[in-house]
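# Structure assessment
Listed here are the chains, written in short residue letters.
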Amino acid sequence: MAIKRYTATQDNTITNAFKANLTSRGVSGNMGEADILEVFHIYGQASSASSENCRILVQFPTDTITTDRTAGTIPASGSVSFYLRMFNAAHGQTTPRSFILTASAITTSWQEGLGLDMESYSDIDASNWITASDGPIVKWASEGGDYDS
């Protein structure tokens with residue numbers, strides 16, 4: 001069977017990283033309109049035991065995938081493989097020699113947002129480390145997103 005490509009419909013980077021002052025965290029920051037998705041874990045920056053995490057949220061058109069499966073455009077469940085293709089963006093920061101990313105399904109609807117600021121985390125609309133959406137605010141059951149583990 002041929003390759004069928006599905007493109008994400010929305011994405012966002014959410015984090016509990018420290019701001020430049022290393023005392024307050026950017027948990028309200030939204031980076032939904034940034035041109036890249038950033039993944040990191042920083043240990044020991046603010047203190048010897050501090051930990052900063054980052055997650056990316058990516059939504060795919062599951063209704064379209066279901067329709068394609070029903071129409072026979074793609075094989076039945078268990079007879080097809082899905083691959084997430086992402087690429088490294090050139091940057092001047094150090095990178096780890098190896099790392100493991102875990103993909104999990106989000107169990108709560110979320111809003112992408114219009115944020116761009118990945119430095120001071122000043123864009124505070126839509127999904128972030130604390131909430132899945134704004135207006136009305138929907139909080140995650142646990143900070144960093146509600147996901148199946």
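None of these values were measured; they are calculated from a predicted model.

Counting its secondary structure elements, the chain contains 1 helix and 5 strands. Reading the secondary structure of the chain in the N-to-C direction produces β-β-β-α-β-β. Principal-axis analysis of the C-alpha atoms gives the chain an extent of 55 × 40 × 25 Å. Evaluated residue by residue, the chain yields a buried proportion of 29% over its 149 residues. Across the chain, contacts joining residues at least 24 apart in sequence account for 63% of those joining residues at least 6 apart. Working note: accessible area of the chain is about 10200 Å², and carbon and sulfur atoms make up 52% of it.

This brings us to the sheet that holds strand β2 (residues 41-43). Two strands in a sheet stick together by hydrogen bonds in their backbones, pointing the same way (parallel) or opposite ways (antiparallel). Strand order across the open sheet formed by 3 strands is β1-β3-β2, with antiparallel pairing between neighbours. The open sheet terminates on both sides in strands that have one partner only, identified here as β1 (10-15) and β2. On average, adjacent strands in this sheet sit at an angle of 10° to one another, irrespective of strand direction. Where β2 and strand β3 (residues 51-59) come together, 3 bridges link them in antiparallel fashion. Note that in β3 the partner of Tyr43 across the bridge is Ser51.

What follows covers a nonpolar patch on the surface. On the surface, Val39, Phe99 and Leu101 cluster together into a nonpolar patch covering about 320 Å² of accessible area. According to the relative accessible area criterion, Val39 is partly exposed, its value standing at 42%.

Glancing now at the environment of Ile42. Examined against the element boundaries, Ile42 turns out to sit in strand β2. Considered as a pair, Ile42 and Phe18 are 24 residues apart in the sequence and their alpha carbons are 9.6 Å apart. For Ile42, the contacting residues outside a window of four places in its chain are Ser50, Ser51 and Glu52.

A few words now on the environment of Trp110. Mapped onto the secondary structure, Trp110 falls in the loop between α1 (62-71) and β4 (131-133). Along the backbone, Trp110 and Thr131 are 21 residues apart, and their C-alpha atoms lie at a distance of 8.3 Å. In this structure, Trp110 is in contact with Gln10, Asp11, Asn12, Leu57, Val58, Gln59, Ser127, Ala132 and Trp140, ignoring residues within four places of it in sequence.

Attention now goes to unusual backbone geometry. The backbone of Leu22 shows a phi angle near 55°, a positive value even though the residue is not glycine. The topology assignment puts Leu22 in the loop between β1 and β2. Positive phi values are uncommon outside glycine, yet Ala126 reaches one of about 65°.

The next subject is the pairing of β3. Relative to β3, β1 runs antiparallel, the two being bridged by 6 bridges. Of the residues in β3, the one forming a bridge with Asp11 is Val58.

With that settled, the discussion passes to the confidence of the model for the chain. Any residue range with low pLDDT should be treated as having predicted coordinates unsuitable for detailed reading. Of all residues in the chain, 98% have pLDDT values of 70 or greater, and the mean over the chain is 90. Taken element by element, the chain is modelled with least confidence in strand β5 (residues 138-139), mean pLDDT 90, and with most confidence in β1, mean pLDDT 95.

Evaluation of the coordinates by the stated rule reveals 0 aromatic pairs. Lying over the aromatic face of Phe18, Arg25 brings its terminal NZ or CZ to 4.0 Å of the ring centre.

About the thresholds
- Residues numbered from 1 in each chain as written.
- Predicted model: local features only at pLDDT ≥ 70, side-chain atom pairs only at ≥ 80, totals over all residues.
- Heavy atoms only, no water.
- Helix = DSSP H or I, 4+ residues; strand = E, 2+ residues; numbered from the N terminus.
- Buried < 20%, exposed > 50% of the residue type's maximum accessible area, 1.4 Å probe, protein only.
- Contact = heavy atoms within 4.5 Å.
- Areas by Shrake-Rupley, 256 points an atom, 1.4 Å probe, with all protein chains shown as cover.
- Pairing = 2+ DSSP bridges.
- Axes fitted to C-alpha atoms, helices over the stretch in contact; angles between N-to-C directions.
- Patch = residues over 30% accessible without salt bridge, like charges linked within 9 Å, V, L, I, M, F, W, Y side chains within 5 Å.
- Salt bridge = Lys/Arg side-chain N within 4 Å of Asp/Glu carboxyl O.
- pLDDT = per-residue confidence, 0-100.
- Phe/Tyr/Trp six-rings, centres within 6.5 Å; stacked < 30°, edge-to-face > 60°.
- Lys NZ or Arg CZ within 6 Å of the ring centre and 35° of its normal.

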